[in-house]
Amino acid sequence: MAASSLISQPNGSVAVRTENLQRHYAMGDSLIRAVNGLSIEIRSSEFVALLGTSGSGKSSVLNLIAGLDRPTSGSVTVHGKNLAQLSREELARYRRHSVGMVFQSFNLIATMTILENVELPLRFAEVERPQRAQQSREALERVGLGPRMNHRPSQLSGGEQQRTALARALINRPQLLLADEPTGNLDSRTGTEIMDLIREFNRQLGMTVIMVTHERTLAERYAQRMIFLADGELVEDRSNIPAAVPTPALQGGLP
Amino acid sequence: MKLPDLTELALRNLRESLLRNSLTTVGISVGVASLVAMLSLGIGLQQLASRRLVKSGLFDTVVVTSRRDLRNFNRDDERNGAPAPAESRMLSEASRQEIERLPGVLEAYPDIRFATEMRFEDKPHLTMVSALPASAKSNDAFEGMQGTFFSSDTAAEAILQKSFAEELLGKTPRPGTDEVNVAQLAPPLLGKELTMRYAQREESLSPQPVPKPFDASANAFGSMGAAYSVVSRDQKLKIVGIADLDPESMRGPTRAKVFLPLKLAESLHVMQPTDLREISSAAGGQPVYSSLSVRVKNPSQVQTIEDAVKKMGFNTFSILDATRSLRQFFAVLDLFLGIFGSLALAVASIGIVNTLVMAILERRREIGIMKAIGASDGDVKKLFFAEAGAMGILGGIVGVALGWAIGQVINFATNIYLKRQALPPEHFWAVPWWLVVFAVLFAFLVSLVSGLYPAGRAARLDPVQALRYE
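Source: prediction; values computed, not measured. Note on numbering: residues in each chain are counted from 1, in written sequence order. Lettering of chains starts at A and numbering of ligands starts at 1, both following the order in which they are written. A pLDDT threshold of at least 70 governs which residues receive local features in this predicted model, and a stricter bar of 80 or more applies before side-chain atom pairs are shown or counted, although totals over entire chains, interfaces and linings include all residues.

## Overview of the interface of chain A and chain B
Then step 1. Here, residue contact means that the backbone-derived C-beta atoms of the two residues sit within 7 Å. Listed by partner, the interface residues are 19 residues for chain A and 17 residues for chain B.
Then step 2. Helix and strand definitions follow DSSP, with helices as H or I runs of at least four residues and strands as E runs of at least two, each counted in order from the N terminus. When residues of the side of chain A that touches chain B are traced back to their parent elements, those giving at least two are helix 2 (88-98) and helix 3 (114-124) of chain A.
Then step 3. The element that contributes the greatest number of residues to the side of chain A that touches chain B is helix 2 of chain A, accounting for five residues.
Then step 4. Split by residue class, the side of chain A that touches chain B holds eight nonpolar, three polar and eight charged. For this classification, Asp, Glu, Lys and Arg are treated as charged, while Ala, Val, Leu, Ile, Met, Phe, Trp, Tyr, Cys and Pro are nonpolar and the rest, including Gly, are polar.

Pasting the structure below:
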């Protein structure tokens, strides 16, 4: 798990490919083309930002890649698997083992401690209890929440809740991290902390990161590539050189 | 997801909306309680009825009558093409011995049964008299008897049925008034003398002094060569016992109120109704009986022996025939009680559906989260099933306890009432272990069925919409 290099290079193999991806919703009488013919290719270990105003379809694309939604037409292929052809059960297994997700509103289960929240995906994966506890504790320690693992989400700050969500996203060691406005509910300082953690996962674990955001500055600071969407269509796709230096304060803060 | 995890999550979720889920569970409990209460009442009444029948002591007895007899208990036989009454066999001494030789038969003794006059303290009382063999001593019917059984099979002794004892003492209770305890009847009667006036059959050859002769040989029967006279006689009997229960409860209106030892009764040659027929047919000088009581070694053999005797061409009747319709009655009763009991459970199951549908609305987001982090449709479905099932089992257990408690309270209250009426306490409320298991399992099953729709709905929930939902 040690970092091979400070800046991970996309290793060339394709992680995600969409081909003429369409996702239409019927809203009353009108048809909404949330995603309208999108064809992109994201390589393994790439850090990609999906940018656009609200309603541009960026979240819909993320949901399609996450296997939470099915395309109206076209295809999403993740590591060679066409998600459109998977059964519901296979999609669930794909989400369980290949994808980690972080949301703007954290989406932790309020009635569980953060340890239990982090452990939950392992329950679905039917991992044995002792191993489950061990893995969850490690994941929480990794995001700096070791001492607070028996707290409930409501007892934690927004930043801490998002770290919990990150620990949960990591627990099954997925290749793909999907983040939907991960800093949207955080102040800029905690937002930076979270982004630094995500970058760390990208670099040290070689995870492919696809982050949906409407903050261009955030994308410019962290992403290696920026994809601009408007009305469900690709507007611009360009590479970016992120600000390379991790925040020293965070490195000191991690155990 | 594995079962322990499923159970843990389900119980955790149930605890989260404690009040609502408790209320739903209480609803199931009430349903199960009503079911248990109804069924245990049905079972208890059945056991009570069976107990009463066992006490009547006739579970091991088969009554055999000739098909010629007017008293035919099994009307079905006539319809099923059995031989016409006039052609069927007579119940002679030879057939008695034949029946006694059947495997499993302890004894077959003739029923000596006649209506006669009993004089007690110079007052006449008309009653039915029957004879009992020595083996009847072990009969459960004499369990609560005051006094003793016959000292010998030939002793000039009598046992009275309680109602006749009441009649002798002039204590006949009017309907609706309290029953008299048999112990109160014993002291003024035991050891006292009873005079039985009866009609004795006498072969006309024997030159007996005849106080009031009625010469049968003078009429047309005389040509058959079995002529006899009927003589009025007195027999003094000592009252040795008073039976609380009715040893002949199954005989209906022909049941006897006074019992004599069998050998004594036989030696008296009391004129019996069948004697006339004996004259009219050629029975070869053998005695002919109106009916035989056949005692069977084991109550389970009653059916076999009944069948064997029927094949010989006689009518049979046993308490088994009576209990067959009784059991049928109780099966129907149980069914109805069960249906009424289940109604409450059906209402409770709607409560489960309601609670779970509410839970889906409330936990929509949570379901979305679980799906996003890898829960399959099946996992979500199983989780809701587990919650429904847990409520079912919990409600079932509480309900059985509640139903049992209701039964105890009613039992207790009824026994207080019975005690006030100076009656022995009765246990007519029974909760057998299988009913407990059945009730809990039934509640579990019903709740699972109720969970079917909510679980399916939760499983089909679109995660994207669920996550958008605030």
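## Describing the confidence of the model for chain A
All names here are of chain A.
Then step 1. Along the chain, pLDDT gives the predictor's confidence residue by residue, from 0 to 100. Here chain A averages 88 in pLDDT, while 91% of its residues score no lower than 70.
Then step 2. Taking the mean pLDDT of every element in chain A, the minimum, 46, falls on helix 8 (residues 248-253) and the maximum, 95, on strand 7 (residues 176-180).
Then step 3. Ignoring residues within four places in sequence, the model shows residues 1-8, a span with pLDDT below 50, making eleven contacts including any to other chains.
Then step 4. In this model residues 248-255 is a low-confidence stretch, pLDDT under 50, and it forms eight contacts with partners more than four residues away in sequence or in other chains.

## Quick notes on the sheet that holds strand 4 (residues 73-78) of chain A
Residue and element names in this part refer to chain A.
Then step 1. Strand order across the open sheet formed by four strands is 2-1-4-5, with antiparallel pairing between neighbours. Either end of the sheet is taken by a strand with one partner, and the two such strands are strand 2 (30-43) and strand 5 (81-82).
Then step 2. Relative to strand 2, strand 1 (residues 14-27) runs antiparallel, the two being bridged by eleven bridges. Bridging across to strand 2, Arg17 finds its partner in Glu41.
Then step 3. The axes are straight lines fitted to the C-alpha atoms, using for helices just the contacting stretch, and the angles between their N-to-C directions are given from 0 to 180°. The strands that helix 1 (residues 58-66) touches are strand 1, strand 2 and strand 4; relative to strand 2, the one it contacts most, it runs at about 60°. If DSSP finds at least two bridges between two strands, the strands pair.

## Points about the pairing of strand 3 (residues 113-120) of chain B
Residue and element names in this part refer to chain B.
Then step 1. Sheet topology places strand 3 next to strand 4 (residues 123-132); eight bridges connect them, and they run antiparallel. Looking at the pairing, Ala115 lines up with Met128 of strand 4.
Then step 2. The antiparallel pairing of strand 3 with strand 4 creates a hairpin that spans two residues between the two strands, and Glu121 there sits at a positive phi of about 50°.

## Section: the pairing of strand 4 of chain A
Residues and elements named next belong to chain A.
Then step 1. Pairing of strand 1 with strand 4 involves five bridges; the strand directions are antiparallel. Across the sheet, residue Thr18 finds its bridge partner in strand 4, namely Val76.
Then step 2. In terms of strand pairing, strand 4 meets strand 5 through two bridges, oriented antiparallel. The residue bridging Thr77 from the neighbouring strand is Asn82, located in strand 5.
Then step 3. Where strand 4 hands over to strand 5, the hairpin turn is made up of two residues, of which His79 adopts a positive phi near 45°.

## Remarks on the nonpolar core
Then step 1. Think of a nonpolar core as buried Ala, Val, Leu, Ile, Met, Phe, Trp, Tyr and Cys residues chained together by C-beta atoms that fall within 7 Å. Neighbour density around each residue's C-beta defines its exposure: 20 or more other C-beta atoms within 10 Å make it buried, 12 or fewer make it exposed, and counts between make it partly exposed, where C-beta atoms are placed from the backbone. Within the largest apolar cluster, 121 residues are counted, with the highest numbers of intra-cluster contacts made by Leu50(A), Ile65(A) and Leu178(A).
Then step 2. The leading source of residues in this core is helix 2 (residues 18-55) of chain B, at eleven residues.
Then step 3. Setting aside chain neighbours within four positions, we find Leu50(A) in contact with Lys58(A), Val61(A), Leu62(A), Ile210(A), Met211(A), Val212(A), Ile227(A) and Leu229(A).
Then step 4. With 56 residues, the next largest nonpolar core counts Val64(B), Met90(B), Val129(B) and Ala136(B) among its residues.

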